[in-house]
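Chains, contacts and geometry: an overview
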Amino acid sequence: MKITDVKTIRLRAEIPPEGQVFSRSGVRNCRSTTLVQVDTDEGVTGLGSCSGNGDLVEVIVAKVLKPLLVGVDPIEIDEIWEKAYVRGGHKEFGTRGVGVVALSGIDIALWDILGKVRGVPVYELLGGKCRDKVPVYATALYPEEPSKVAKRARAFAERAFHGVKIKVGFDLAQDIRIVRAVRAELGNDFTIMTDANQGYTIDVALKAAEAFSGCGVFWLEEPLFVEDIAGHAALREKGKVPIAVGENLHTYYAFENFVVRDAVDFLQPDVARAGGISEIRKIAVLAAKHSIALSFHTWGDGVALAASLHLSAALKQCGVMELDYTYNPLRAELLQEPLEVKNGFMVPPDNPGLGVELNRDALERFVFSGVEELTIRPSALRSP
Ligand SMILES: [Mg+2]
């Protein structure tokens, strides 16, 4: 079997005003993602997803990766990584960043093809399920009046989610008020995570950790700039809240840097960004060696979510998985059979490969060919 084409399909969905949330990126009015489709000469196609700037992913796939991959056997995934990253690709696009994002989508598509060729779902290729259903927590709590956030948190608790995550990293006093309000609303036993999206300095993060530990917070995610590994290590040593990092790390090597410097308690790779299913397998070995739990970051679309579910079901080191529960039709409407949450659990599809088919009507609505908006808008940039 030979690869005949590697296509990118850029998607964009408008967010109506009632679905827009205020984050450290500013107020976003759209969701966007990029699918990768790998075609073969035997008619089998694979689907993957890339979580990064679509303009840049498109150029890297077309100019660097597709020329390296056409004519290669898609089943030879390790050899493709050798060619597209180790020996070749990184010299064009670097060892981290959007090139790895593009490769992530291609890698997911290759595993989709492998599963279809063997006639088994991806979780079987990974050694089979070690859990039948994947516990998920909800990411949907953004800054607003503390009582309103608490009320929204209550709704997720009542739907049996295995935790709620609160966006912090703004004004510390307000962050603390919100976290305390949610804890008071949910009682002491419900799992509450916090996510600063790199919004604190070390001094502020230490104060936040002190206050959040008093609220029994499960983890503080991305407290500092992602390259400040020493800062994360210091915070982990002095603070009283476990540290979670990973959604902005690319490749096994970046995760290893955090782990060997004792800078992290929970690893949160994004399969559509960190290097696809192949790279996640290596990160899982790292996590197992150091007794660290994996908890997938999920954000983009239904294809990425399916890949995360296969991994979360099959890898022993996985704990609770994130479910982005903000307004996102690329998650909710893109697949013929949308992936649903039931009583706080999700299950990976049982069909061969990723086991998903695109809803062609939805695809038509979401296909986008304009210029990508920046994730961080200049107007949202400010010093912490
Ligand atoms: Mg996050």
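Observations concerning the overall build of the protein chain
Across its full length, the protein chain carries 14 helices and 14 strands. Scaling as 2.2 N^0.38, a compact globule of 384 residues should have a C-alpha radius of gyration of about 21 Å, and the protein chain matches this with 20 Å. Principal axes of the C-alpha set define a box for the protein chain whose edges measure 60 × 45 × 45 Å. Every one of the 384 residues in the protein chain was classed for burial, and the buried ones make up 49%. Put simply, of all contacts in the protein chain between residues at least 6 apart along the chain, 76% involve residues at least 24 apart.

Focus: helix α6 (residues 146-158)
Its 13 residues place the ends of α6 18 Å apart at the C-alpha level, agreeing with the 18 Å of an ideal helix rising 1.5 Å per residue. Summarising the contacts, the buried residues of α6 are in contact with β6 (134-141), β7 (164-167) and α7 (172-186). Ala160 sits one or two residues past α6 and shows a positive phi near 70°.

Here's the deal with the sheet that holds strand β5 (residues 45-50)
Hydrogen bonds between backbone atoms are what pair the strands of a sheet, whose relative direction is either parallel or antiparallel. Spatial strand order, β1-β4-β5: three strands in an open sheet with antiparallel pairing. A single partner strand is all that each edge strand has here, and the edge strands are β1 (3-14) and β5. Pairwise comparison of adjacent strand axes, ignoring direction, gives a mean angle of 20° for this sheet. Examined bridge by bridge, strand β4 (residues 30-40) and β5 share six bridges and lie antiparallel to one another. Bridge assignment links Val38 to a residue of β5, and that residue is Gly46. The strands touched by helix α1 (residues 54-69) within the sheet are β1, β4 and β5, with β1 carrying the most contacts at an inclination of about 175°. Its contacts with the sheet put helix α4 (residues 98-118) on β1, β4 and β5, and the angle it makes with β5 is roughly 150°.

Here we look at the packing of helix α8 (residues 202-214) against helix α9 (residues 229-238)
Packing of α8 against α9 leaves a shortest axis separation of 10 Å and a crossing angle of 30°. Considering the angle they form, α8 stands roughly parallel to α9. At the point where α8 passes α9, the crossing takes the right-handed sense. Where α8 abuts α9, its residues Ile202, Ala205, Leu206 and Ala209 lie against Gly231, Ala234, Leu235 and Lys238. Partitioned by chemical class, the residues of the contact of α8 with α9 number six nonpolar, one polar and one charged.

Some words on the environment of Gly89
The residue Gly89 is located in the loop between α2 (77-86) and α3 (90-93) in this model. On the basis of neighbour count, Gly89 is assigned to the buried category, with 22 C-beta atoms found within 10 Å. Placed 270 residues apart in sequence, Gly89 and Asn359 show a C-alpha to C-alpha distance of 32 Å. Once residues within four sequence positions are removed from consideration, Gly89 is found in contact with Val64, Leu65, Leu68, Ala84, Gly99 and Leu103.

A word on the nonpolar core
Of all hydrophobic cores here, the largest spans 116 residues; its most connected members are Leu65, Ala102, Val271 and Leu311. For this core, the leading source of residues is α4, giving twelve residues. Residue assignment places this core across two domains, with domain 1 (3-119 + 371-380) and domain 2 (124-358) each supplying three or more. Discounting chain neighbours no more than four positions away, the residues touching Val271 are Ser104, Ile108, Gly276, Ile277, Ile280, Phe296, Ala304, Ala307, Ser308 and Leu311.

Concerning the packing of α1 against α2
Between α1 and α2, whose axes approach to 10 Å, the crossing angle comes to 145°. Every pair of crossing elements has a handedness; the one defined by α1 and α2 is right-handed. Taken together, the residues of α2 that come into contact with α1 (itself represented by Leu65, Leu68 and Leu69) are Ile80, Lys83 and Ala84.

Things to note about the environment of Val149
Along the chain, the position of Val149 falls in helix α6. Separated by 34 residues in sequence, Val149 and Arg183 place their C-alpha atoms 11 Å apart. Every residue in contact with Val149, bar those within four places of it in the chain, is listed here: Leu141, Glu144, Ile166, Ile178, Ala181 and Val182.

Let's talk about the environment of Pro17
Relative to the elements of secondary structure, Pro17 occurs in the loop between β1 and β2 (22-23). By C-beta crowding, Pro17 is classed as exposed, having 7 other C-beta atoms within 10 Å. Taking the C-alpha atoms as reference points, Pro17 and Val27, ten residues apart in sequence, are found 9.7 Å from one another.

Details of the domain arrangement of the protein chain
Along its sequence, the protein chain is organised into domain 1 (3-119 + 371-380) and domain 2 (124-358). For domain 1 and domain 2, the distance between their C-alpha centroids amounts to 22 Å. Secondary structure elements with two or more residues in the side of domain 1 that touches domain 2: β1, β2, β4, β5, α2 and α4. Looking at which element gives the most residues to the side of domain 1 that touches domain 2, the answer is α4, with 14 residues.

About the cut-offs
- Residues numbered from 1 in each chain as written.
- Predicted model: local features only at pLDDT ≥ 70, side-chain atom pairs only at ≥ 80, totals over all residues.
- Helix = DSSP H or I, 4+ residues; strand = E, 2+ residues; numbered from the N terminus.
- Rg over C-alpha atoms; globule rule 2.2 N^0.38 Å.
- Buried ≥ 20, exposed ≤ 12 C-beta atoms within 10 Å, placed from the backbone.
- Contact = placed C-beta atoms within 7 Å.
- Expected span 1.5 Å × (residues − 1).
- Pairing = 2+ DSSP bridges.
- Axes fitted to C-alpha atoms, helices over the stretch in contact; angles between N-to-C directions.
- Parallel < 35°, antiparallel > 145°, perpendicular 65-115°, else oblique.
- Left-handed = near helix turned anticlockwise from the far one by under 90°.
- Nonpolar A, V, L, I, M, F, W, Y, C, P; charged D, E, K, R; others polar.
- Core = buried A, V, L, I, M, F, W, Y, C linked by C-beta atoms within 7 Å.
- Domains from an automatic or database assignment.

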